[in-house]
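Reading the structure
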Amino acid sequence: MADSNVYPPGPDFVRGAHVKGMEGYRELYRRAAENPEEFWGALAEQELFWFKKWHHVFEWNPPDVKWFAGGQTNVCYNCVDRHLDTARKNKVAILWEGEPGDQRQISYQELHRLVSRFANVLKGRGLKTGDRAVIYMGMVPELPVALLACARLGIIHSVVFGGFSAEALKARIQDLEAQVVITCDGAWRRGKEVPLKSAVDEALIECPAVRDVIVLRRTGGAVEMREGRDHWWHELDEGASENCPAEPLDSEQPLYVLYTSGTTGKPKGIVHTTAGYLLQCVMTMKWVFDLREEDTYWCTADIGWVTGHSYIVYGPLAAGATAVMYEGAPDFPQPDRFWRLIEKYRVSIFYTSPTAIRSFIRQGDQWPNGHDMSSLRLLGSVGEPINPAAWEWYYKTIGKERCPIVDTWWQTETGAILIAPMPGAVPLKPGSASLPLPGILPEVVDLSGKTRETGQEGYLVIRRPWPSMARTLWRDPERYRSQYWERIHGSYMTGDAARMDQDGYFWILGRVDDVMNVSGHRLSTMEVESALVRHPAVAEAAVVGKPHEITGQAVACFVTLKKGSWDRPKLAEELRKWVAHEIGGFAKPEQIRFADALPKTRSGKIMRRLLREIVTANTVTGDVTTLEDLSVVTQLSSQADED
Ligand code: WT7
């Protein structure tokens, strides 16, 4: 926190910025805090197209909130149609590159045609406002087209990341009672085909509500098409009309459900709605990414996560941006693929994760140094705390000390960025997400809800509702209330620990619950534990996050086995594969350790704290007086890694 580590915005950047200097930031922040209705009302009027104006800016009956109640708009209309009678009509909306090197440039007019046709395809299958579509695709342009087509009609979409397994996909389709699944034959990843359609087939064995499967041909791999249920995208699309008006939808019409891990084994379906969500996505494109008409903007996330929803699809398109979209792996065919793309498309805004940055550091500076990246003017980071060393590397090696770095803190539940520096205003401190955006009132508190002193650690809460916040959990409003709004009465509980420094900067310290963060992806310890105990050899399992140099955390598992004689090294490998099969490849444990028993308190609760110490330091310190059987700890810590 020393002053030498503070980077004030450069004068050139400030001159062109949407928000100029600390006075600019403070003025906006003050207005939003003092009169949120006026503040958000004026922005909604200015930034969005409305079929019908709202009667109230917000109605707050904790934990229920309505933003722009009584209004009617349409997310797809705002992202596509309204650009068509402006100079943006022939601007490239999506600048796409496939992993094999194929390219597509889709203008706003072309996007309008693609979306309208596909919306008519969905209509033709009998889908209507309020129905649910599960989307399980790779990073191809038809993925945003599918999202936008759903949004056009008020069909609630739920994107399942292509790295999730058939099991995980099935659970989500069932929970949503989706009527349609939209997928691809497969996706390209490091030159190999990831089969998607076959995973859908496996998932659908137990999903009776699904009437139709629409399959985009991407890889050309062999797929089985079930007569009557499965249809090729291109066949349905061929005859579809390009005339499909956007439906006027209520401000609070659910836009999508995105599943994320909670502290139990069951993922939570986070529900986002229409107007407030879109407004905050658009505003943060300006406030945080300082988006200008001429920018070429690239967010490297996958649309399967919230970052891709808000900052590849809805935010950039509503703001009329040119957004780069890349299908494949960052290191294919070589570790410089990202830098190659930045050079080729003259990317000016680049948004990625600390995990990616750390793996670039490891690959060596020769890869970025071989490319002209002088088009860059702003860098972003998201998903996990960025360690100062990675920050400095990003700043120097990628940004050449010219580009501010916006460290953006937010969550699937928050819908949009809540804490991040406005790059033309707020001085940067490596490792801190800095100051809250206008309308956001974060605080660090103790468990009784009392504000912690400056510099003290505590729970990060948000004091007031904001437009893009999750409205509920799909079919589980009770869990929504108890998880987020009842722990600290009347405030939104983020689940993160944080501290605030003397300048009001927020330093996010990580999760306080049983949620791991692996490569910026949220994963619940319980979800992995439930997967492990479904294996016939496993009696009991405990899972903790283990610090990892590249991915932030890695999955470490402690397993007790059922009676029998097991080939342990072989079984450890089998269990790692099992978890990948049950959840998805990104959840594959790094480590499986076997024990005769797990350390538990007298009341039978697994002592995860001890296990965390074992995987971190391989020793146990601190209080073990509530431990049932200490010999278990000794055995676990002395055991060499099985893999
Ligand atoms: C959790 C949310 C937000 C999109 C990606 C992840 C951690 C996120 C930061 C950051 C420190 C961060 C938090 C948060 N996190 N961004 N800039 N600095 N931590 O979304 O899967 O909903 O995870 O990611 O722990 O609670 P998510």
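Read on for a plain summary of the structure.

1. Quick look at helix 6 (residues 142–153)
Compared with an ideal rise of 1.5 Å per residue, which puts 12 residues at 16 Å, helix 6 spans 17 Å between its outermost C-alpha atoms and is within 8% of the ideal. Among the 12 residues in helix 6, 12 count as buried, and that is most of the element. Residues of helix 6 that are buried: Glu142, Leu143, Pro144, Val145, Ala146, Leu147, Leu148, Ala149, Cys150, Ala151, Arg152 and Leu153.

2. Some words on the environment of glycine 124
Within the secondary structure layout, glycine 124 lies in helix 5 (residues 108–124). In the structure, glycine 124 is positioned 116 residues away from alanine 240 in sequence and 8.7 Å away in space, judged by C-alpha atoms.

3. Things to note about the layout of surface pockets
A volume near 310 Å³ is recorded for the second largest pocket. Forming the walls of the second largest pocket are 17 residues, and the residues nearest its centre are Ala171, Arg172, Gly265, Pro267 and Arg534. Only helix 7 (166–176) and helix 17 (525–533) provide two or more residues apiece to the lining of the second largest pocket. It is helix 7 that contributes the most residues to the lining of the second largest pocket, 7 residues altogether. Residue composition of the lining of the second largest pocket, grouped by class: 6 nonpolar, 3 polar and 8 charged.

4. Overview of the environment of cysteine 557
Take cysteine 557: it is sitting in strand 29 (residues 552–561). C-alpha of cysteine 557 to C-alpha of valine 180: the two residues are 377 residues apart in sequence and 36 Å apart in space. For cysteine 557, the residues in contact, after removing those within four places along its chain, are Val528, Leu532, Ala542, Val543, Pro589, Gln591, Ile592 and Arg593.

5. Some words on the packing of helix 13 (residues 354–363) against helix 15 (residues 388–398)
Contact geometry of helix 13 with helix 15 gives a least axis separation of 10 Å together with a crossing angle of 70 degrees. Judged by the inter-axis angle, helix 13 sits roughly perpendicular to helix 15. Facing helix 13, whose interface residues are Ile357, Arg358, Phe360 and Ile361, helix 15 presents Ala390, Trp393 and Tyr394. Among the residues forming the contact of helix 13 with helix 15, the class breakdown is 6 nonpolar, no polar and 1 charged.

6. Points about the side chain of threonine 352
Among the structural elements, threonine 352 can be located in strand 18 (residues 349–352). Of the residues examined, threonine 352 reaches a relative accessible area of 3% and is grouped as buried. A distance of 2.9 Å separates polar atoms of two side chains, one belonging to threonine 352 and the other to threonine 300. Not counting chain neighbours up to four residues away, the residues in contact with threonine 352 comprise Thr300, Phe338, Ile357, Gly380, Ser381, Val382 and Tyr394.

7. Overview of empty space enclosed by the protein
One pass over the structure, following the stated rule, counts 5 cavities of 30 Å³ or more. Space inside the largest cavity adds up to approximately 100 Å³. As for the largest cavity, its lining consists of Gly262, Thr263, Lys268, Gln483, Tyr484, Arg487, Met493, Thr494, Gly495, Arg511, Asp513 and Val515. The biggest single contributor to the lining of the largest cavity is strand 24 (residues 492–500), with 3 residues. Taken together, the residues that form the lining of the largest cavity break down as 3 nonpolar, 5 polar and 4 charged.

8. A look at the sheet that holds strand 19 (residues 378–382)
The sheet built from 7 strands is open, its strands ordered 5-4-17-16-18-19-20 with mixed pairing. Unpaired on one side and paired on the other, strand 5 (103–107) and strand 20 (405–408) mark the two borders of the sheet. For this sheet, the mean inter-axis angle between neighbouring strands, taken without regard to orientation, is 20 degrees. As paired strands, strand 4 (residues 92–97) and strand 5 are joined by 5 bridges and run antiparallel to one another. Bridging from a neighbouring strand, isoleucine 94 pairs with isoleucine 106 of strand 5. Across the sheet, helix 5 lies against strand 4 and strand 5, angled at about 90 degrees from strand 5, the strand it touches most.

9. Digging into the pairing of strand 24
The buried count for strand 24 comes to 8 of 9 residues, which makes it a mostly enclosed element. Looking at chain direction, strand 22 (residues 458–462) and strand 24 are connected through 4 bridges and run antiparallel. Residue tyrosine 459 lies in a different strand from strand 24, and its bridge partner there is alanine 497. Here 5 bridges tie strand 24 to strand 25 (residues 506–511), and the two strands are oriented antiparallel to one another. Residue pairing in the sheet places alanine 497 in a bridge with glycine 510 of strand 25. In textbook terms, the turn of a hairpin is the stretch between consecutive antiparallel strands, and for strand 24 and strand 25 this stretch comprises 5 residues, one of which, glycine 504, has a positive phi near 80 degrees.

The rules behind these values
Residues numbered from 1 in each chain as written. Predicted model: local features only at pLDDT ≥ 70, side-chain atom pairs only at ≥ 80, totals over all residues. Heavy atoms only, no water. Helix = DSSP H or I, 4+ residues; strand = E, 2+ residues; numbered from the N terminus. Expected span 1.5 Å × (residues − 1). Buried < 20%, exposed > 50% of the residue type's maximum accessible area, 1.4 Å probe, protein only. 1 Å grid on protein atoms, 1.4 Å probe; cavity = no way out; pocket = protein on both sides within 12 Å on 5 of 7 lines; lining within 4 Å. Points joined across faces, edges and corners; volume = space filled by probe spheres on them. Nonpolar A, V, L, I, M, F, W, Y, C, P; charged D, E, K, R; others polar. Contact = heavy atoms within 4.5 Å. Axes fitted to C-alpha atoms, helices over the stretch in contact; angles between N-to-C directions. Parallel < 35°, antiparallel > 145°, perpendicular 65-115°, else oblique. Polar contact = N/O pair within 3.5 Å; in protein donor to acceptor, adjacent residues only side chain to side chain. Pairing = 2+ DSSP bridges.

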